[in-house]
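Fold and geometry: a report
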Amino acid sequence: MSGGRIPVTLITGAAGEIGQALLQRLAGGPGDPIVTVDLRPLSTAGPGDRHREHCQGDILDSALWDGLLHRYRPTLIFHLAAILSTRAESVPVLAHRVNADGAARLLAMAAEFASPDEPIRFVFPSSIAVYGLPSQEAKDAAAAVSEDEHLDPATLYGAQKLYVERLGATIARLNDGLDFRAVRLPGLISADTLPQGGTSDWAPELIHAAARREPYSCFVSQGARLPFCAMPDAVEGVLRLAFCEKASLSRTAYNLGGHSLSAAEIIARVARDFPDLDVRFQLDRGRDRIVASWPGAVDDTAARRDFGFAPEHDEETLFSRYLIPGIRRRYQG
Ligand code: NAD
Ligand code: AKB
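Residues numbered from 1 in each chain as written. Chains lettered and ligands numbered in written order. Predicted model: local features only at pLDDT ≥ 70, side-chain atom pairs only at ≥ 80, totals over all residues. Heavy atoms only, no water.

What follows is about helix H10 (residues 285-293). Every buried residue of H10 is accounted for by Arg 287, Asp 288, Ile 290, Val 291, Ala 292 and Ser 293. Residues of H10 that are buried make contact with helix H3 (85-90), helix H5 (136-141), helix H7 (202-211) and strand E9 (225-230). A distance of 3.1 Å separates the backbone nitrogen of Gly 286 from a side-chain oxygen at the start of H10, and that oxygen is part of Asp 284. (Buried < 20%, exposed > 50% of the residue type's maximum accessible area, 1.4 Å probe, protein only. Helix = DSSP H or I, 4+ residues; strand = E, 2+ residues; numbered from the N terminus. Contact = heavy atoms within 4.5 Å. Polar contact = N/O pair within 3.5 Å; in protein donor to acceptor, adjacent residues only side chain to side chain.)

So this is what it looks like as structure tokens:
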């Protein structure tokens, strides 16, 4: 029973990179009011007309949910709050609590409130970290990895993402009203924000450093390769998955593809626009090993077919139309 509670779209982790981009994209449009949760305040940029309330707090705090769920009835949940891969390895207990327990508790609450009459759609951003290639040689030999291959994560973060994917799919199978959908994102690059605590961070960090005319110390080797996607393309993909008809979906977890780029290739491309680019390599073996375990490319055929994922940017326009002009504007006015 809704009991007079206001139907809302709920975004956890809304102050993060994806959260800010998603909120900006959703907040001006039609739909239920939006309620956000994060440990941090939202950025100063106005979050738009649809935004009703930001609750600054911890997803692990039961009192926060008691207060929110007393007033609001989430119909669509984007559960973004997480501790990313590199940081998760250094705070394993906290990472488990946030990434696994936090998601499990929110899923359980959603399942408790969801019914066929008042369904809840739960959208979860998973990651290429769910994959674990056993060696650099295996990675080099692998073609674009599809959703059911190499599910042997090498990091805590990857294991936690895979656990939540499977828990969500199982709980949804047992609860008619809960509709769980997950998208495995590649490394994301935003022209507007910088990442923290991830392992794919070298790519955005070095591009932003180039625009600031600062030297960059790259923590992976020149050959380190991952799929990368522009933030707006990834957000568009997440939204297409969130709003498509359930009948068109053939699975619960989908790859979103990206452009397969090595550190050396990114440096060569960025140097065309920022010829003073100054990158030194200072290998962090732990992070380099994580990158070696993640696929260099993923197969997103299912996402393109089932919910029309169609990134706007190709490998060249990712830089020429999105990153370079956006980052120049950000730092050079
Ligand atoms: P981010 O680190 O920028 O944002 C995560 C947000 O979660 C932060 O604002 C943080 O304050 C918040 N948070 C962390 N612990 C919390 C807690 N206990 N309670 C409340 N808020 C908490 O990360 P992002 O890049 O925006 O990623 C969002 C989601 O997408 C994450 O689940 C991440 O694993 C996933 N993802 C991101 C990428 C990427 O390249 N950015 C790739 C794959 C998957
Ligand atoms: C990270 O590096 O942790 C994220 C991811 C790919 O999940 N960017």
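Let's shift gears to the packing of H7 against helix H12 (residues 315-332). The interhelical angle for the contact between H7 and H12, taken along N-to-C directions, is 55°, at an axis separation of 9 Å. Here H7 is positioned oblique relative to H12, judged by the angle of their axes. Crossing geometry of H7 relative to H12 is assigned as right-handed. Packed against H7, whose contacting residues are Ile 207, His 208 and Ala 211, the element H12 presents Phe 319, Leu 323, Ile 327, Arg 330, Tyr 331 and Gln 332 at the interface. Considering only residue class, the contact of H7 with H12 consists of six nonpolar, two polar and one charged. (Axes fitted to C-alpha atoms, helices over the stretch in contact; angles between N-to-C directions. Parallel < 35°, antiparallel > 145°, perpendicular 65-115°, else oblique. Left-handed = near helix turned anticlockwise from the far one by under 90°. Nonpolar A, V, L, I, M, F, W, Y, C, P; charged D, E, K, R; others polar.)

For the rest of this paragraph, the subject is the site of ligand 1. Taken together, 25 residues sit near ligand 1, with Ile 18, Asp 38, Arg 40, Tyr 157 and Lys 161 positioned nearest. Leu 188 places a polar main-chain atom, nitrogen or oxygen, 3.1 Å from an oxygen atom of ligand 1. Taken by itself ligand 1 offers 820 Å² of open surface, and the protein chains cover 92% of this. Residue assignment for the shell around ligand 1 shows that the elements contributing at least two residues are helix H1 (17-27), strand E5 (120-127), helix H6 (156-174) and strand E7 (187-189). Considering each element in turn, the shell around ligand 1 owes the most residues, three residues, to E5. The residue inventory of the shell around ligand 1, partitioned by class, reads 14 nonpolar, six polar and five charged. (Near = heavy atom within 4 Å. Areas by Shrake-Rupley, 256 points an atom, 1.4 Å probe, with all protein chains shown as cover.)

Strand order across the open sheet formed by seven strands is E3-E2-E1-E4-E5-E6-E10, with parallel pairing between neighbours. Whereas interior strands pair on both sides, the edge strands pair on one side only; in this sheet they are strand E3 (51-56) and strand E10 (253-255). Taking each pair of neighbouring strands and ignoring which way they run, the sheet shows an average axis angle of 25°. Along the sheet face, H1 touches strand E1 (6-12), strand E2 (34-38), E3, strand E4 (72-79) and strand E6 (178-185) and points at about 170° away from the line of E2. (Pairing = 2+ DSSP bridges.)

What follows covers the sheet that holds E7. Spatially, the three strands line up as an open sheet ordered E7-E9-E11, and their pairing is mixed. Bordering the open sheet on either side are E7 and strand E11 (259-262), each of which pairs with just one other strand. The sheet shows a mean angle of 50° between the axes of neighbouring strands, taken without regard to direction. Pairing of E9 with E11 involves four bridges; the strand directions are antiparallel. Bridge pairing in E11 links Pro 227 to Ser 260. Across the sheet, helix H8 (residues 231-243) lies against E7 and E9, angled at about 75° from E9, the strand it touches most.

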